[in-house]
Amino acid sequence: MARYALILAAFAGFVLSAVSGIVIVPFLHKLHFGQTIKEIGPTWHNKKQGTPTMGGLCFIFASTVAVALATLSLLHSAPELLGSPTARSLYIAMFSAFAFGMVGFLDDFIKVVKKRNLGLRAMQKIAAQLLITTALLFALHMNGTLTTFVTLPGLGYVDLGLLYFPLSYGLIIGIVNAVNLTDGIDGLCSCVTFVSMMGFLTLTSLLGEFNLSIFAAAMAGALTGFLFWNFYPAKTFMGDTGSMFLGGTVAGIAYAMGRPELIFFFGAVYIWEAATVVIQVAYFKLTHGKRLFKMTPIHHAFEMRGWSEVKIDCVFSFIAFGAAALGVLFAYVYYL
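Basis of the calculations
- Residues numbered from 1 in each chain as written.
- Predicted model: local features only at pLDDT ≥ 70, side-chain atom pairs only at ≥ 80, totals over all residues.
- Heavy atoms only, no water.
- Helix = DSSP H or I, 4+ residues; strand = E, 2+ residues; numbered from the N terminus.
- Rg over C-alpha atoms; globule rule 2.2 N^0.38 Å.
- Areas by Shrake-Rupley, 256 points an atom, 1.4 Å probe, with all protein chains shown as cover.
- Lys, Arg positive; Asp, Glu negative; His and termini not counted.
- Charge placed at Lys NZ, Arg CZ, Asp CG, Glu CD.
- Phe/Tyr/Trp six-rings, centres within 6.5 Å; stacked < 30°, edge-to-face > 60°.
- Buried < 20%, exposed > 50% of the residue type's maximum accessible area, 1.4 Å probe, protein only.
- Contact = heavy atoms within 4.5 Å.
- Patch = residues over 30% accessible without salt bridge, like charges linked within 9 Å, V, L, I, M, F, W, Y side chains within 5 Å.
- Salt bridge = Lys/Arg side-chain N within 4 Å of Asp/Glu carboxyl O.
- Expected span 1.5 Å × (residues − 1).
- Bend = angle between axes of the 7 residues up to and from the residue.

Q: Give a detailed account of the overall build of the protein chain, specifying residues and quantitative values.
A: Across its full length, the protein chain carries 12 helices and 2 strands. Moving toward the C terminus, one meets the helices and strands of the protein chain in the order α-α-α-α-β-β-α-α-α-α-α-α-α-α. A compact globule built from 336 residues would reach a C-alpha radius of gyration of about 20 Å, and the protein chain, at 19 Å, matches this within 12%. Counting only C-alpha atoms, the protein chain reaches 55 × 45 × 35 Å along its principal axes. Split by element, the accessible area of the protein chain, about 15100 Å² in all, is 73% carbon and sulfur. Of the charged side chains in the protein chain, 20 are positive and 14 negative; the average position of the first set lies 8 Å away from that of the second.

Listed below in structure tokens is the structure:
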């Protein structure tokens, strides 16, 4: 029965996400919720000006309903799964997704209402993300699933002690913003995050974190359905609403599993994207105006080399798959 619940979550997420776009995308058009293209971005992206943003509402709605349907399907066959600590871990992971997604929604809303590319101020975003991260860690503590131990390659199980907390703040907020940076071309963030969710689905299933498996399956299905609207040429962008929801999902599932180190495997592409931005800024300042990359985040550098958006989506997804496979291998060696 548990297997059928996973299939239901994935299928419902896919169908609801694909179908909801029929209503949501025209509605966003009607409200004139169009994307404002950054002046510092590639000039050929100017043709995308006005494409509806906040399309992430499609997979947010779809995944939420899919999780609810899959969970309800277990009420009679496996009710013990709904009140266990692992069930509460699901709610904590979803809280992370929705809370960070709300920050993205506010950012998008300000952008589209004021018709400018800057939404929330940087300090406002950081303050909100710090608050959410604190709430996430506190919720894990109350659930009895917060641990200061991590598994490191070559070292095994290591207790970070108090160092765990500042590192967690940096990792959670960092990955949420890194996912946001990855959402720069049609379909890229959706494709890469689909791979990430499949990695989490594999491991949560192997480790017996069934409730988190439902969330990962629902997200994987919902992102596949969303690609009908987001793949090149995109009819809608997920916006910060969607990308921060996805960042919160990646962080939420990893921390709810008590395995934050998995972010470095299942979030490898996001980290690569964010790292290129940091390196570019540092190099620019140190060399007084020189650039190491043609443009960052790094997917734009490949665009400037003549790669199509579809090719970038495919290559980056393949890299994400390789990193996820290493994550599964890592888990096989250290967890199983």
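Anyway, onward from the coordinates.
Q: Outline the packing of aromatic side chains, supporting the account with residue identities and numerical values.
A: The full count for this structure, using the stated rule, is 16 aromatic pairs. An angle of 70° between the planes, with centres 4.8 Å apart, marks the rings of Phe200 and Phe266 as edge-to-face. With Phe200 in helix H6 (residues 188-206) and Phe266 in helix H9 (residues 263-266), this pair connects stretches of sequence that are 66 residues apart. Judged by relative accessible area, which is 0%, Phe200 ranks as buried. Look at Phe266 and you get buried, because its relative accessible area is 4%.

Q: Report on the environment of Cys189, specifying residues and quantitative values.
A: Tracing the chain through its elements places Cys189 in helix H6. With a relative accessible area of 1%, Cys189 lands in the buried category. Through-space distance from the C-alpha of Cys189 to that of Phe316 is 9.5 Å; in sequence the pair is 127 residues apart. Discounting chain neighbours no more than four positions away, the residues touching Cys189 are Val179, Thr182, Asp183, Met238 and Leu246.

Q: Explain a nonpolar patch on the surface residue by residue, including any values.
A: Taken together, the side chains of Leu206, Leu326, Leu329, Tyr332, Val333, Tyr334 and Leu336 present a nonpolar region at the surface, about 740 Å² in accessible area. Ranked by residue count, the leading element in the nonpolar patch is helix H12 (residues 309-334), at 5 residues. Note that Leu329 resides in helix H12.

Q: Any chance you could break down helix H1 (residues 2-30) for me, citing the residues and the numbers?
A: Taking 1.5 Å as the rise per residue, H1 with 29 residues should run 42 Å; its terminal C-alpha atoms sit 41 Å apart, in good agreement. Of all the bends found along H1, the most pronounced is centred on Gly21 and spans about 40°. Every buried residue of H1 is listed here: Ala5, Leu6, Ala9, Ala12, Gly13, Ser17, Ala18, Ser20, Gly21, Ile24, Val25 and Leu28. Close packing links the buried residues of H1 with helix H2 (57-72), H6 and helix H7 (210-230). Of the residues trailing H1, His32 is marked for its positive phi of about 60°.

Function-wise, these values are silent; they only describe arrangement.
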